[in-house]
Amino acid sequence: MPRQMKAAVLREYNQPLVIEDVTIEDPKAGEVLIRQAACGICHSDVNVVLGQEKWNLPVILGHESAGYVEAVGAGVTHLKPGDRVAASLLRSCGRCFYCTSGMPSLCDTPHPLDSETRHYDANGKPITLGMRMAGWAEYALVDQSQVVTVPDSMALETAALVGCGVITGVGAVINTAQVEVGSSVVVLGLGGVGINAVQAARVAGARHVIAVDLLDTKLETAQAFGATHLINAGRENAVQTVKDITNGRGADYVFVTVGSQRAISQSFEMLRKRGTTVIIGLTPNDEAAALPVRQVALTEVRVLGSFLGSTRLNVAFPQFVELYEQKRLKLDELITATYPLEQINEAIAVVERGEAVRNIIVF
C-alpha cells in the first residue's frame, strides 16, 4: 500500500527546495523501505541544488541515511521491520564480475530503482529518486544491498554519516591507497570526505598528515581529527611547504577530495617519486584536468581513482563501528548541527558557505 510522506523536492536549480506531500510505493522484491530518522547533507547533493550537476527534475536528493526498517520486499531475509539500519548509495548485485571480484562499488548491473519511478507528487506526476536513495524525505526506498544494521551503541544520526562521507574518505585511505605506516599523507580539501581522509591517515599510522584548505576553521577541525600539519593555501605556498615538511622529497600520498582541476594538477607537484595521487572529488560536468605525462613517466607516480572508498559495505561498516567504539574513529564529532526537514534550505546554505563538516536532517 503506497504511503504518504513529507519530502524536500528540488524543482528548479538555484532555488529553495519545496517541502511537499509525496506518495512512495511499497518495496518490491529485494527492496527495503526505511522510516527515516536522519539524513546527512553531502556536498554532492548541494552541487545538484546549485545546478553544477544535472538530474531530471523534480528530484528528491539526500544519500546518507539511517532509520528503522518499515517494510521489506520478497526475498529480503537478513532484515525485518523495526531493525535499526543505515543505508548507503553503494548498490551492488553480488553476482557481476566486479562484485564477485570484491569490488562492489564498481557494480555495473542495472537495478530497477535506477529507472523505475516510485515517487509521485500530489498531482500524480513522477519525481526522480536522486542519489540512489532520495533520503530527504520521511521514507527512503533502497535495494537490500544498500542496508546494514546498526548496533544500539551508535546513534542513528551518527550512523547516517557512514553511508557516504565516512566510507568515501576512510575507504580511499585504507582500501584504495592502502596507506602504509610511517607515510607522509596530504589531504587537499577539508569537507566531510577530507576530514575522514585525515582521520583515516591517523588510524593507518601515517607520520605526516598534512591538511590543506583555504579556511582556517576547516584546518582547525582537521587538527582535531589528527592532522599533524596545517596549510592555508591562500596564504602559503602549499607545494613548497609540503616539500619542506617531507625533507624535500614530497609526499607519499596526496588525496584530492575536491572537484578542482587546479587541485588535481597541484597534487602532482606535491608527490615524491613513486608517490600516489588519489582522486576522490568529482569535477563539475566531467571537466578534464591536465596530466603531466612526462613527469608521470619519469617519476613513476601513480594516479588512482576512488569511488565510495572502494568499499565493501557489509565488511566496512562493522569495522567502522568497532573503531568507533574503541574511540579511534571520530564519528559523533563530524556532526556540526541537526535540523528538522522544514529547515533544510537553511542547513544547505550553511554547507554551501563551508561552515559545516556535516549537517543532519532529523525526522
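Scroll up to find the structure.
The rules behind each value
Residues numbered from 1 in each chain as written. Predicted model: local features only at pLDDT ≥ 70, side-chain atom pairs only at ≥ 80, totals over all residues. Heavy atoms only, no water. Helix = DSSP H or I, 4+ residues; strand = E, 2+ residues; numbered from the N terminus. Rg over C-alpha atoms; globule rule 2.2 N^0.38 Å. Buried < 20%, exposed > 50% of the residue type's maximum accessible area, 1.4 Å probe, protein only. Contact = heavy atoms within 4.5 Å. Areas by Shrake-Rupley, 256 points an atom, 1.4 Å probe, with all protein chains shown as cover. Lys, Arg positive; Asp, Glu negative; His and termini not counted. Charge placed at Lys NZ, Arg CZ, Asp CG, Glu CD. Axes fitted to C-alpha atoms, helices over the stretch in contact; angles between N-to-C directions. Parallel < 35°, antiparallel > 145°, perpendicular 65-115°, else oblique. Nonpolar A, V, L, I, M, F, W, Y, C, P; charged D, E, K, R; others polar. Pairing = 2+ DSSP bridges. Salt bridge = Lys/Arg side-chain N within 4 Å of Asp/Glu carboxyl O. Phe/Tyr/Trp six-rings, centres within 6.5 Å; stacked < 30°, edge-to-face > 60°. Expected span 1.5 Å × (residues − 1). Polar contact = N/O pair within 3.5 Å; in protein donor to acceptor, adjacent residues only side chain to side chain.

Visitor: Before we go on, may I ask you to explain the overall build of the protein chain in this structure?
Guide: When its secondary structure is counted, the protein chain shows 11 helices and 18 strands. In summary, the protein chain has a C-alpha radius of gyration of 20 Å against a globular reference of 21 Å for 363 residues, a match within 12%. The principal-axis extent of the C-alpha atoms belonging to the protein chain is close to 65 × 40 × 40 Å. Out of the 363 residues belonging to the protein chain, those deemed buried represent 55%. Here the analysis covers contacts within the protein chain between residues at least 6 apart in sequence; of these, 69% occur between residues at least 24 apart. Working note: accessible area of the protein chain is about 15500 Å², and carbon and sulfur atoms make up 49% of it. Taking the average location of the 31 positive side-chain charges in the protein chain and that of its 38 negative ones, the two points are 7 Å from each other.

Visitor: Would you take a moment to explain the packing of helix H4 (residues 156–176) against helix H10 (residues 313–325) for this structure?
Guide: When two helices pack together, their arrangement is captured by the angle between the axes and the distance separating the axes. At a closest axis distance of 11 Å, the pairing of H4 and H10 adopts a crossing angle of 105°. If you check the angle between H4 and H10, you find them roughly perpendicular. Residues Thr-158, Ala-159, Val-162, Val-166, Ile-167 and Val-170 of H4 touch H10, and the partners they reach there are Phe-317, Phe-320 and Tyr-324. Looking at the contact of H4 with H10 residue by residue, the class counts come to eight nonpolar, one polar and no charged.

Visitor: Where do I start with the sheet that holds strand E1 (residues 3–9) in this structure?
Guide: In a beta sheet, neighbouring strands pair by backbone hydrogen bonds and run either parallel or antiparallel. In space, the five strands of this open sheet follow the order E1-E2-E7-E8-E4, with mixed pairing throughout. At either end of the open sheet lies a strand with only one pairing partner, and these are E1 and strand E4 (59–60). With two bridges joining them, strand E7 (residues 119–120) and strand E8 (residues 126–129) adopt antiparallel strand pairing. Residue pairing for E8: Tyr-120 is matched across the bridge by Pro-126.

Visitor: Is there a simple way to explain the pattern of salt bridges in this structure?
Guide: Pairing between side chains becomes possible if they bear opposite charge and their charged atoms approach one another. In this structure the tally under the stated criterion is 18 salt bridges. Arg-3 is paired through a salt bridge with Asp-26; the nearest N and O atoms lie 2.4 Å apart. Remark: Asp-26 occurs in the loop between strand E2 (18–24) and strand E3 (31–41) and Arg-3 occurs in strand E1; sequence separation between them is 23 residues. Classification of Arg-3 as partly exposed rests on a relative accessible area of 22%. For Asp-26, a relative accessible area of 25% corresponds to the partly exposed category. In this structure, Glu-25 and Arg-118 form a salt bridge, with 3.8 Å as the shortest nitrogen-oxygen distance.

Visitor: Looking at this model, I keep getting lost on the packing of aromatic side chains. Mind explaining?
Guide: The description of an aromatic ring pair uses the distance of the two centres, along with the angle that the planes make with each other. Enumeration over the complete set of coordinates arrives at two aromatic pairs. Aromatic side chains Phe-97 and Tyr-98 sit 5.1 Å apart centroid to centroid with 85° between the ring planes, which places their arrangement in the edge-to-face category. Overall, Tyr-98 belongs to the partly exposed group, its relative accessible area being 29%. When the ring of Tyr-253 is compared with that of Phe-255, the centres are 6.4 Å apart and the planes differ by 25°; the resulting orientation is stacked. Residue Tyr-253 shares its accessibility class with Phe-255, and that shared class is buried.

Visitor: Would you mind going over helix H5 (residues 192–204) with me for this structure?
Guide: Helical periodicity: at 3.6 residues per turn, an α-helix aligns residues three or four positions apart in one direction. A rise of 1.5 Å per residue sets the reference length of H5, with its 13 residues, at 18 Å; its end C-alpha atoms lie 18 Å apart and thus fit the reference within 8%. Where burial is concerned, most of H5 is hidden: 11 out of the 13 residues are buried. Every buried residue of H5 is accounted for by Gly-192, Val-193, Gly-194, Ile-195, Asn-196, Ala-197, Val-198, Gln-199, Ala-200, Ala-201 and Ala-204. If you follow the buried residues of H5, they end up packed against H4, strand E11 (184–188), strand E12 (208–213), helix H6 (216–224) and strand E18 (358–362). In the segment just after H5, Gly-205 is the residue with positive phi, at about 90°.

Visitor: Help me understand the environment of Asp-332 in this model?
Guide: Mapped onto the elements, Asp-332 comes out in the loop between H10 and strand E17 (335–340). We classify Asp-332 as partly exposed; its relative accessible area is 37%. A sequence separation of 65 residues divides Asp-332 from Ser-267, and the C-alpha atoms of the two residues are 30 Å apart. When near neighbours in sequence (up to four residues on either side) are disregarded, Asp-332 contacts Thr-158 and Tyr-324. A polar contact of 2.6 Å, which involves the side chain of Asp-332, links it to the side chain of Thr-158.

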